[in-house]
Amino acid sequence: MEVIIQPSAKDCAAMGARLIGKLLDSKADAVLGLATGSTPLPLYRELVRMNRSEEIDFTGVTSFNLDEYIGLPGDHPCSYRYFMEQELFKDINISAGQTHVPDGLAVDVSEQCNAYEEAIRACGGIDLQILGLGSDGHIGFNEPGSSLGSRTRVKTLAGKTREDNARFFDSIEEVPRHCITMGVATIMECRQILLFAFGEAKAEIIARAVEGPLSSMVPASVLQMHQEVKIIIDEAAASRLEHADYYKEVFAGKPAWQCI
Ligand code: GLP
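Residues numbered from 1 in each chain as written. Predicted model: local features only at pLDDT ≥ 70, side-chain atom pairs only at ≥ 80, totals over all residues. Heavy atoms only, no water.

Caption draft 1: Focus on the site of the ligand. Looking at the ligand, there are 14 residues lining it, with Ser38, Thr39, Asp67, Arg167 and Lys202 nearest. At 3.3 Å from an oxygen atom of the ligand is found a main-chain nitrogen or oxygen belonging to Leu133. Between the ligand and Lys202 there is a distance of 2.6 Å, counted from an oxygen atom to a side-chain nitrogen or oxygen. For the ligand, the protein covers 94% of the area, taking 390 Å² as the surface of the free molecule. (Near = heavy atom within 4 Å. Polar contact = N/O pair within 3.5 Å; in protein donor to acceptor, adjacent residues only side chain to side chain. Areas by Shrake-Rupley, 256 points an atom, 1.4 Å probe, with all protein chains shown as cover.)

Caption draft 2: Representation of the nonpolar core in the model. Of all hydrophobic cores here, the largest spans 69 residues; its most connected members are Ile233 and Leu241. Among the elements that line this core, the one with the most residues is helix H1 (residues 9-26), at 8 residues. Contacts of Leu241, omitting those with residues within four sequence positions, involve Val3, Ile206, Ala207, Val210, Glu211, Ile233 and Tyr247. (Core = buried A, V, L, I, M, F, W, Y, C linked by side-chain atoms within 4.5 Å. Buried < 20%, exposed > 50% of the residue type's maximum accessible area, 1.4 Å probe, protein only. Helix = DSSP H or I, 4+ residues; strand = E, 2+ residues; numbered from the N terminus. Contact = heavy atoms within 4.5 Å.)

Caption draft 3: Broad picture of the sheet that holds strand E2 (residues 31-34). Taken in spatial order, the 7 strands line up as E1-E10-E9-E6-E2-E3-E5 in an open sheet, and their pairing is parallel. The open sheet has two free edges, formed respectively by strand E1 (2-6) and strand E5 (99-100), since each of these has just one partner strand. Here E1 pairs with strand E10 (residues 229-234) via 5 bridges, running parallel. Pairing of Gln6 across the sheet is with Asp234, part of E10. (Pairing = 2+ DSSP bridges.)

Caption draft 4: Focus on the pairing of E2. The alternating pattern of E2 places Val31 and Gly33 and Leu32 and Leu34 on opposite faces, both of which are buried. Sheet analysis places E2 next to strand E3 (residues 62-65), joined by 4 bridges and oriented parallel. Residue Gly33 lies in a different strand from E3, and its bridge partner there is Phe64. Regarding topology, helix H2 (residues 41-52) serves as the crossover connection from E2 to the parallel E3, and that connection is right-handed. Where E2 lies against strand E6 (residues 128-131), 2 bridges are found, and the strand directions are parallel. Bridge pairing links Leu32 to Leu128 in E6. (Right-handed = clockwise from strand over helix to strand, strands pointing away.)

Shown next as structure tokens:
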């Protein structure tokens, strides 16, 4: 696990975009795992800018999103499909058929979850997964208590998550209670993971996920077991890390060939 502390969210996003650019330079048909929420927005803006200036090409890319609310159609302004279309897909040259977001209206949800796993497998697995972090430690929508061996499935959203996400809806009553999410084990199979977190509000949960004990009560703590994970955070989100100075020293002392 590599913890990278940058002065601002913008710097973190630029670093993430460079890492994605580097991946696509070596593998034009890479499979990207994408996330929603406010955290990835600066990254998506940077990817759009790089795509416009022809620094990055998404023509061969396939994408899989982490999760979706059950009950929301893809054209609902609060659905994650809609979010992805608005914030990224419509502004980059990824082909529409290559983007995957779970279907919140699937009739046979369990069949859809299996098909999602199968589609990821059929593409050769996810090369690089973007993650945000829920204030309760969730990744995707894997709430505290999620099996660390879980696969794509239906979850019930925690009250805290519905409260946090109510800002995107007209009222908390409108926030769906259920979702489809990639499982913890699905995420752990991604070859490379970049988790982003910004702001003081994420400082405590970042400290628990990075330096606390590994526990299904903080699903993001399982990332401590992954060999290719970068935790890319701003100073505010890093403010409760006991070993922040050490992480900075490691990063500053990286040999040139490892630099991002
Ligand atoms: C939602 C998403 C997560 C995301 C989290 C954090 O719950 N399902 O994937 O990481 O929100 O959101 P934000 O980035 O807005 O803090």
